[in-house]
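# Reading the structure
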Amino acid sequence: MDPAVFRDVLGRFASGITVVAALDGAEPVGFACQSFASLSLEPPLVMLAVGRTSTSWPRIERAGRFCVNILAEDQQATCVALGRSGADKFADVPWRTSRHGTVVIDGALATVDCRLAAVHEAGDHYIVTGEVVDLGAQENGLPLLFFRSRYATGTFPH
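First, a word on what this report is: a plain description of the structure on this page.

The rules behind each value
- Residues numbered from 1 in each chain as written.
- Predicted model: local features only at pLDDT ≥ 70, side-chain atom pairs only at ≥ 80, totals over all residues.
- Heavy atoms only, no water.
- Helix = DSSP H or I, 4+ residues; strand = E, 2+ residues; numbered from the N terminus.
- Buried < 20%, exposed > 50% of the residue type's maximum accessible area, 1.4 Å probe, protein only.
- Lys, Arg positive; Asp, Glu negative; His and termini not counted.
- Salt bridge = Lys/Arg side-chain N within 4 Å of Asp/Glu carboxyl O.
- Polar contact = N/O pair within 3.5 Å; in protein donor to acceptor, adjacent residues only side chain to side chain.
- Contact = heavy atoms within 4.5 Å.
- Pairing = 2+ DSSP bridges.
- Axes fitted to C-alpha atoms, helices over the stretch in contact; angles between N-to-C directions.
- Phe/Tyr/Trp six-rings, centres within 6.5 Å; stacked < 30°, edge-to-face > 60°.
- Arc of directions from axis to C-beta.

### Details of the side chain of Lys 89
Counting through the fold element by element, Lys 89 comes out in the loop between helix H3 (76–83) and strand E7 (95–97). One buried charged residue, Lys 89, remains without a salt bridge, the closest side chain of opposite sign being Asp 88 at 9.4 Å. There is a polar contact of 3.0 Å between the side chain of Lys 89 and the backbone oxygen of Gly 30. At 3.3 Å, the side chain of Lys 89 and the backbone oxygen of Arg 84 are in polar contact. Residues in contact with Lys 89, not counting those within four places in the same chain, are Gly 30, Phe 31, Ser 56, Ala 81, Leu 82 and Arg 84.

### Description of the sheet that holds strand E10 (residues 125–137)
Pairing in this open sheet of seven strands is antiparallel, and the strands run E3-E2-E6-E9-E10-E5-E4 from one edge to the other. Two strands lie at the open edges of the sheet, namely strand E3 (27–33) and strand E4 (36–40), each paired on one side alone. Within this sheet the neighbouring strands show an average axis-to-axis angle of 35°, counted without direction. Where strand E6 (residues 65–70) and strand E9 (residues 110–122) come together, six bridges link them in antiparallel fashion.

### With respect to the pattern of salt bridges
Taken as a whole and judged by the stated rule, the model has nine salt bridges. Residue Arg 52 pairs with Glu 121 through a salt bridge whose shortest N-O separation is 3.2 Å. Of this pair, Arg 52 sits in the loop between strand E5 (45–51) and helix H2 (57–63) while Glu 121 sits in strand E9, placing them 69 residues apart in sequence.

### Notes on the packing of aromatic side chains
Under the criterion given, the structure shown has three aromatic pairs. Ring centres 6.5 Å apart and planes at 70° place the aromatic pair Trp 57 and Phe 66 in the edge-to-face group. We note that Trp 57, like Phe 66, is buried.

### A look at the sheet that holds strand E1 (residues 15–16)
Within the open sheet, the three strands sit side by side as E1-E11-E12. Their pairing is antiparallel. What marks the edges here is a single partner per strand, and that holds for E1 and strand E12 (150–152). Bridging between E1 and strand E11 (residues 145–147) involves two bridges; their strand directions are antiparallel. The residue of E11 that forms the bridge with Ser 15 is Phe 146.

### What about H3?
Buried within H3 are the following residues: Thr 78, Cys 79, Ala 81 and Leu 82. An end-on view of H3 places all buried positions within 165° of arc, on one side of the element. Structural note: H3 exposes Ala 77 and Gly 83 on the side pointing more than 90 degrees away from its buried face. Where H3 is buried, its residues contact strand E2 (18–24), E3, strand E8 (103–105) and E12.

None of the figures reported here should be taken as evidence of function without further support.
Printed below as a string of structure tokens:
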């Protein structure tokens, strides 16, 4: 199968964008992730897909906990910063430590604090499940979306 065709066809599925982040010692570590979903209510679980080549994931996995930050429509710069490799990704990203010792991005539309539950090999990715230990959300705001390799925003009824 042609990878370009695969990416083009699957790129037609609009998704929200998250930043998965934790602390490695006192240093924030994280990455932008659009492959995220709720998985189970009992127990409360979420799942995400992480590329095997990620240099951030081993550091987050070692921490054993992470926060999924659901980005708001005005956080495209945050997504770009956390989507790149190397350098200090958090240099221009305002964040704070959650009471569970994870990294919360200021202004995120919602946050999902997790304890690492399981990691499964899946092709060139890992499927990660997290047990939800805490949640938070803004009352107002809209999500940052990704569609056909471009950022998008939308309006939704309340």
